[in-house]
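Here are the chains, one letter per residue:
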Amino acid sequence: MASSTSRNTSQIKSVVRTLTLIEALSAHPGGVKITALAAELSLPKSSVFRMLHTLLEFGYVRQDPTTERYALGPRFLHLAASVEHASDVRSLAHPLLVELSERTTETVHLAVPVGTHMVYIDKIDSPRAVVMASRIGEQLPLHCCALGKAYLSLLPLDERRAVVDSLPLERRTARTLADRDALLDDLETCARRGFAIDNVENEEGVRCVGAAIRDERGRPIAALSVSAPASRLSLSAARKAGPHCAETAARVSRELGGAPA
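Description of the structure in this document. Keep in mind it's a predicted model, so treat the numbers as computed, not measured.

Okay, the pattern of salt bridges next. When the charged atoms of two side chains lie near each other, side chains of opposite charge can form a pair. All chains considered together, the criterion is met by 14 salt bridges. Its salt-bridge partner being D186, residue K149 comes within 2.7 Å of it at the nearest N-O pair. Of this pair, K149 sits in helix α6 (residues 146–153) while D186 sits in helix α8 (residues 180–193); the two residues are 37 residues apart in sequence, bridging distant segments of the chain. Exposure class is identical for K149 and D186. Each is buried. Bridged by salt links that share partners, the residues E106, R128 and R232 form one connected network.

This is the structure:
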């Protein structure tokens with residue numbers, strides 16, 4: 001076990017201050033003024049102001065324009081919901097992911113959206129000799145992985161467009177859809193057929209097919225995918241695997257009490 005001294009030397013002071021501020025705000029559900037908060041934290045008012053306004057910009061803090069009090073913002077509700085969904089989704093989906101992997105003989109992933117990425121929360125390795133080097137906790141950009149495209153495709157159209165507009169659309173391979181209109185067209189195709197294909201768009205030599213999982217309101221909250229070396233999973237084979245992914249995603253959605261497609 002690491003000593004308290006080694007833990008302290010590895011801490012980043014600005015991060016510790018910000019986390020301490022967040023915890024202090026959580027004790028004031030009705031909000032608190034900056035002067036009182038600075039006094040409570042024994043920090044300069046200017047430092048607290050900078051931290052608050054950075055958090056405010058990202059939605060982690062809100063300010064009442066009338067009272068000028070600060071409180072935790074709606075972004076924390078989103079993160080809390082993501083954690084809760086992730087726990088429920090993983091436990092309910094796992095046996096169905098195993099079935100899908102056995103059916104396709106390929107690697108199956110489960111992921112949830114966090115910001116502009118999808119994060120793996122479960123993985124079933126392929127029984128075949130060559131397996132995917134992915135790991136739980138790994139993040140993939142929304143716009144170029146089958147998981148992310150499946151998730152985006154089930155968002156309401158206006159929201160889908162707004163999210164795409166906010167993404168950097170980094171070109172990861174020569175096939176990445178880095179053009180906004182091209183990506184939106186592909187997402188519309190994904191929405192119609194019920195599954196998405198990452199046609200070697202995120203990683204060279206890897207092809208994936210995925211489908212989104214819905215909650216009780218019909219909103220996407222997670223996605224699952226089948227991944228394999230592109231040499232083994234051709235585009236036509238990915239299209240054939242798509243309905244299996246969609247069927248499994250629908251079963252997980254029903255287990256969660258999710259609305260039908």
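Right, let's get into the sheet that holds strand β4 (residues 117–124). Here 6 strands make up an open sheet; going across it, the order is β5-β4-β3-β8-β7-β6 and the pairing antiparallel. Edge strands, defined here as strands with exactly one partner in the open sheet, are β5 (139–141) and β6 (196–198). Taking the axes of each pair of neighbouring strands and ignoring which way they run, one obtains an average angle of 35° across the sheet. Across 3 bridges, the pairing between β6 and strand β7 (residues 206–214) is antiparallel. Within β7, the position partnered with D198 by the bridge is C208.

About the thresholds
- Residues numbered from 1 in each chain as written.
- Predicted model: local features only at pLDDT ≥ 70, side-chain atom pairs only at ≥ 80, totals over all residues.
- Heavy atoms only, no water.
- Salt bridge = Lys/Arg side-chain N within 4 Å of Asp/Glu carboxyl O.
- Helix = DSSP H or I, 4+ residues; strand = E, 2+ residues; numbered from the N terminus.
- Buried < 20%, exposed > 50% of the residue type's maximum accessible area, 1.4 Å probe, protein only.
- Pairing = 2+ DSSP bridges.
- Axes fitted to C-alpha atoms, helices over the stretch in contact; angles between N-to-C directions.

It is worth stressing that arrangement in space is one thing and function is another; only the former is reported here.
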